[in-house]
Amino acid sequence: MAMSIKRGSSGGGGGEVWAKGMVSKKWTFFLCLGSFCVGLLFTISWTMPEAKGIIRTTTGSDGNKLNLVSGDCVPRPNNAKQQPKDILNNVENTQQIIQTLDKTISDLEMELSAARAAQESILNGAPVSETLKATESAGRRKFLMVIGINTAFSSRRRRDSVRATWMPQGEKRKKLEEEKGIIVRFVIGHSATSGGILDKAIEAEHRKHGDFMRLDHVEGYLELSAKTKIYFATAVSMWDADFYIKVDDDVHVNIATLGATLAKHRLKPRVYIGCMKSGLVLAQKGVRYHEPEYWKFGDGGNKYFRHATGQLYAISKDLATYISMNQHVLHKYANEDVSLGSWFIGLDVEHIDDRKLCCGTPPDCEWKAQAGNICVASFDWTCSGICNSAERIKEVHQRCGEGEKTLWNTDF
């Protein structure tokens, strides 16, 4: 390749050499700078298209700040704060959702329990009750409460006194079920000799009044804990109610006041309502309420855990379902009220101590009624019920009863 060489004067300073294809560093810098400027001018000459779906927002406090928000999103001011009222509403909505889920789960458990109870009855050869047949054919209706009046073969006079006072009879009892959603039944099992004279007497009484709930259970004073367990398991399989109540047949009850009291706790899933107590554990043999398993409760002189007194108490449907599903492993102590309380130890159960469920007989309940604080139940502590109830319950009803109109005029 031909080359042209220019030599400087002979001053000895070194010549400057130029060759084709070779550029000095100085000219390289100027060429790069020029290319950049040309490119910049070319880019600016184009008009920048607007971005679609972009929303430009400026805050009121600083107009120099620019926020770009996607058009698919809802713009939210940076200074927006959630108000306390909104937070409370969100909490309430969450609680309502949780309560709805709890009731749904409870309904499914109750239906499962009812199916198991019916299956066991069939497998054991026991006849399905007429009430259960009617319930299955008509679908499970929702009731407010089931009141089971614990009674014995020898308590005919007590039952008649209850029928003559606070327990509606005949068409009124049917009206109570249909209009108020309240079931009332005497609860009794069978004698040791099935089909004997005692059972035939109860069957004749049932044909006359139609107010018995028969249990697959052998009656006996020492079997009250087992009877209580079977009662709740049977009741929850027969009727879908918010509450299940056990009451003794020598206690006076104001049904409307009981319903209004329980209705306040309707949204609570697991409640145990009664007059809570904690009596001494009696280790001495031969005394009433002797506890053979006293040693389980600690040293001598110890007290029981808190539990509802046995004259009257109520439990919610979830707890009745729990008893039904686990009755084969629930331990029975000598006293049925202690047994019931022990079944709920360790469970998330709310104990509600309501002294209206254990008023005394007149003048106690009478004074409270005159003051506008009508009692739910009245009895004498000295007798664990109304002393001589067959004779005295009528007087208690007259002086402490809520009045028949109250029952029919009360909305639960």
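Residues numbered from 1 in each chain as written. Predicted model: local features only at pLDDT ≥ 70, side-chain atom pairs only at ≥ 80, totals over all residues. Heavy atoms only, no water.

Draft legend 1. Molecular detail of the nonpolar core. Within the largest apolar cluster, 44 residues are counted, with the highest numbers of intra-cluster contacts made by Met145, Ile147, Ile149, Trp166, Val184, Ile245 and Ile255. Elements represented by at least two residues in this core include exactly strand 3 (142-150), strand 4 (182-190), strand 6 (240-248), helix 8 (255-263), strand 8 (271-277), strand 9 (307-316), helix 12 (389-400) and helix 13 (404-409). Apart from residues lying up to four places away in sequence, Ile245 is in contact with Met145, Val146, Ile147, Gly148, Tyr231, Leu258, Leu262, Leu312, Tyr313 and Ala314. Ranked by size, the runner-up nonpolar core spans 28 residues in total, among them Leu215, Met276, Leu319 and Ile323. (Core = buried A, V, L, I, M, F, W, Y, C linked by side-chain atoms within 4.5 Å. Buried < 20%, exposed > 50% of the residue type's maximum accessible area, 1.4 Å probe, protein only. Helix = DSSP H or I, 4+ residues; strand = E, 2+ residues; numbered from the N terminus. Contact = heavy atoms within 4.5 Å.)

Draft legend 2. How the structure looks around the packing of helix 7 (residues 224-238) against helix 10 (residues 336-343). With their axes 8 Å apart at the nearest point, helix 7 and helix 10 run at an angle of 50° to one another. On the basis of their axis angle, the class for helix 7 and helix 10 is oblique. Considering only the axes of helix 7 and helix 10, their crossing is right-handed. Of helix 10, the residues touching helix 7 (which contributes Leu224, Ser225, Thr228, Lys229 and Phe232) are Glu336, Ser339, Leu340 and Trp343. Looking at side-chain class alone, the contact of helix 7 with helix 10 contains four nonpolar, three polar and two charged residues. (Axes fitted to C-alpha atoms, helices over the stretch in contact; angles between N-to-C directions. Parallel < 35°, antiparallel > 145°, perpendicular 65-115°, else oblique. Left-handed = near helix turned anticlockwise from the far one by under 90°. Nonpolar A, V, L, I, M, F, W, Y, C, P; charged D, E, K, R; others polar.)

Draft legend 3. The arrangement of the state of the cysteines in detail. Evaluated as defined, the whole model comprises four disulfides. Covalently, Cys359 is tied to Cys375 through a disulfide, its sulfur atoms 2.1 Å apart. Between Cys359 and Cys375, the S-S dihedral sits near -90°, and the bridge is therefore left-handed. With Cys359 in the loop between strand 10 (350-353) and helix 11 (364-370) and Cys375 in the loop between helix 11 and strand 11 (377-378), the pair connects residues that are 16 residues apart, well separated along the chain. (Disulfide = S-S within 2.5 Å.)

Draft legend 4. Molecular detail of the pattern of salt bridges. Evaluation of the coordinates by the stated rule reveals 31 salt bridges. Here Arg156 ties to Asp160 by a salt bridge, and the two come within 3.2 Å at their closest N and O atoms. Here Arg156 pairs with Asp160, and both are found in helix 4 (residues 156-163), just four residues apart, close to one helical turn. Of the residues examined, Arg156 reaches a relative accessible area of 33% and is grouped as partly exposed. Arg163 serves as the salt-bridge partner of Asp160, at 2.9 Å between the closest nitrogen and oxygen. With a gap of three residues between them, Asp160 and Arg163 both fall in helix 4, about one helical turn apart. Residue class for Arg163 comes out buried when judged on its relative accessible area of 7%. (Salt bridge = Lys/Arg side-chain N within 4 Å of Asp/Glu carboxyl O.)

Draft legend 5. Representation of the packing of aromatic side chains within the structure. Evaluated as defined, the whole model comprises nine aromatic pairs. Their ring planes at 40° and their centres at 5.9 Å tell us that Phe297 and Phe305 sit as a pair that is tilted. On the basis of relative accessible area, Phe297 is assigned to the buried category, the value being 14%. Taken together through their ring pairs, the aromatic side chains of Phe297, Tyr304, Phe305 and Tyr333 make up a single cluster. Over the face of the ring belonging to Trp408 we find Lys175, whose NZ or CZ atom lies 4.7 Å from the ring centre. (Phe/Tyr/Trp six-rings, centres within 6.5 Å; stacked < 30°, edge-to-face > 60°. Lys NZ or Arg CZ within 6 Å of the ring centre and 35° of its normal.)

Draft legend 6. A look at the confidence of the model for the protein. Mean pLDDT for the protein: 81, with 69% of residues reaching 70 or above. Of the regions scoring below 50 in pLDDT, residues 1-21 engages in five contacts with residues more than four places distant in sequence or in other chains. Within the model, the stretch residues 124-138 combines pLDDT values under 50 with 11 contacts to residues more than four positions away or in other chains. (pLDDT = per-residue confidence, 0-100.)

Draft legend 7. The arrangement of unusual backbone geometry in detail. Following Pro362, the chain continues to Pro363 via a peptide bond in cis, the omega torsion being 15°. Tracing the backbone through its elements, the reader meets Pro363 in the loop between strand 10 and helix 11. One non-glycine residue, Tyr289, lies in the positive phi region at around 70°. Structurally, the position occupied by Tyr289 is in the loop between strand 8 and strand 9.

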